[in-house]
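Now for the letters of each chain:
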Amino acid sequence: MKKLVSIVIPAYNEADNIFVIAESIKKVFSSIAYHYEIILVDDGSADHTLEKIKEYSSTAENIFFLEFSKNFGHQLAVKAGMDHAFGDCVISMDCDMQHPPELIPDMLKKWEEGFEVVYTIREEDKSLSKGKRSSSSLFYKTLNWLSDIDLEPGAADFRLLDQKVVNVFRNFQENEPFLRGLVKWLGFKQYAIRYNPAARFSGKSKYTLKKMFRLALHGVTSFSIKPLYSAVYLGFILSFASVLYIPYIIYAFANNVEVSGWASVIMTIVFFGGLQLIILGIIGIYVGKMFMQTKNRPNYIIRSTNIPQK
């Protein structure tokens, strides 16, 4: 009996990419011995993405969709798809064709060899701007330095999870999940496949520098309290440095040496004031995450779907 592969694809303003990605996946599975289903998650798109998804899903019995009531974000869209995917394994990938469907047979081969998590690592794309590449590199360096997980640079949301791993994911109720980190944290037998990203078929990337920074903050604060420890260490260092300044002050008064004027004092006050705000901000992020989690609201709301209720 052929095994079923569930493919989860989040889509946000990807109207021109729906048909292309679905047909590419269909072509791949026409040459391998697996059944497959596609679960497209419309993440509150403002264009005609949902209409295109419904139009395509009406042409085949293995094309399903979830419509969010609003934009809940890429990570929760992937999580929602996995919550409704019951294949023997689940593959998540983006809608823009940068995750090449041609890599799926290699992922399935490693899964058949016994690996329960097969994830991908994107090779550096030389066609991207220097700023984009630098921000991506800084993202992983910052995340690895400040958190308790070790993500390889280029780790992507293009991955295969065995159903037993997906069952664990369904029990997670984090309101801001960082899936790349969660996958590494889970353990299981994992294997990485490197790939060269294809060109985006249509549209533009939704991950701006601001969103990358926000994602990094989510990743760090979801898996580590190192920033809080860093704030304590920094406080001790600065306190010790201020103690070392006392002998200079005593010497200056004893020898009638004029102490620095108001400019240096104001600069010092501004510096330490800004530092205190940063530390308070770090604490505030953790407190805010706890506050949002304790509300126990649903992480996403499904407005409509064609998935049969089990």
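Scoring rules and cut-offs
Residues numbered from 1 in each chain as written. Predicted model: local features only at pLDDT ≥ 70, side-chain atom pairs only at ≥ 80, totals over all residues. Heavy atoms only, no water. UniProt positions renumbered as here; feature names shortened; annotations may be inferred. Buried < 20%, exposed > 50% of the residue type's maximum accessible area, 1.4 Å probe, protein only. Helix = DSSP H or I, 4+ residues; strand = E, 2+ residues; numbered from the N terminus. Arc of directions from axis to C-beta. Polar contact = N/O pair within 3.5 Å; in protein donor to acceptor, adjacent residues only side chain to side chain. Pairing = 2+ DSSP bridges. Axes fitted to C-alpha atoms, helices over the stretch in contact; angles between N-to-C directions. Contact = heavy atoms within 4.5 Å.

- As recorded in an unreviewed UniProt entry, the protein chain goes by the name Glycosyltransferase family 2 protein, listed as coming from Pedobacter agri.
- Quoted verbatim from the Subcellular location (unreviewed entry) heading of the UniProt record, the comment on the protein chain is "Membrane".

Brief notes about helix α4 (residues 104–112)
In step 1: Listed as buried for α4 are I104, M107, L108, K110 and W111. The buried residues of α4 occupy an angular sector of 160° when the element is viewed end-on, so they sit on one face.
In step 2: Residue G114 follows α4 closely and has a positive phi angle near 115°.

Here's the deal with the side chain of E14
In step 1: One can find E14 in the loop between β1 (4–11) and α1 (18–29).
In step 2: On the accessibility criterion, E14 (7% relative accessible area) is buried.
In step 3: In terms of polar contacts, E14 uses its side chain to reach the side chain of N17, at 2.4 Å.

A closer look at the sheet that holds strand β3 (residues 63–68)
In step 1: Taken together, the eight strands give an open sheet; going across it, the order is β7-β5-β6-β4-β1-β2-β3-β8, and neighbouring strands pair in mixed fashion. A single partner strand is all that each edge strand has here, and the edge strands are β7 (190–195) and β8 (302–305). For this sheet the average axis-to-axis angle between neighbouring strands, irrespective of direction, equals 20°.
In step 2: Bridge count for strand β2 (residues 35–42) against β3 is five bridges, and the pairing is parallel. Opposite V41, over in β3, you have L66 as the bridge partner.
In step 3: Seen against the sheet, helix α2 (residues 49–57) touches β1, β2, β3 and β8 and runs at an angle of roughly 155° to β3.
In step 4: The sheet contacts of helix α6 (residues 163–170) involve β4 (89–92), β5 (117–122) and β6 (155–162), and relative to β6 the element is tilted by about 110°.

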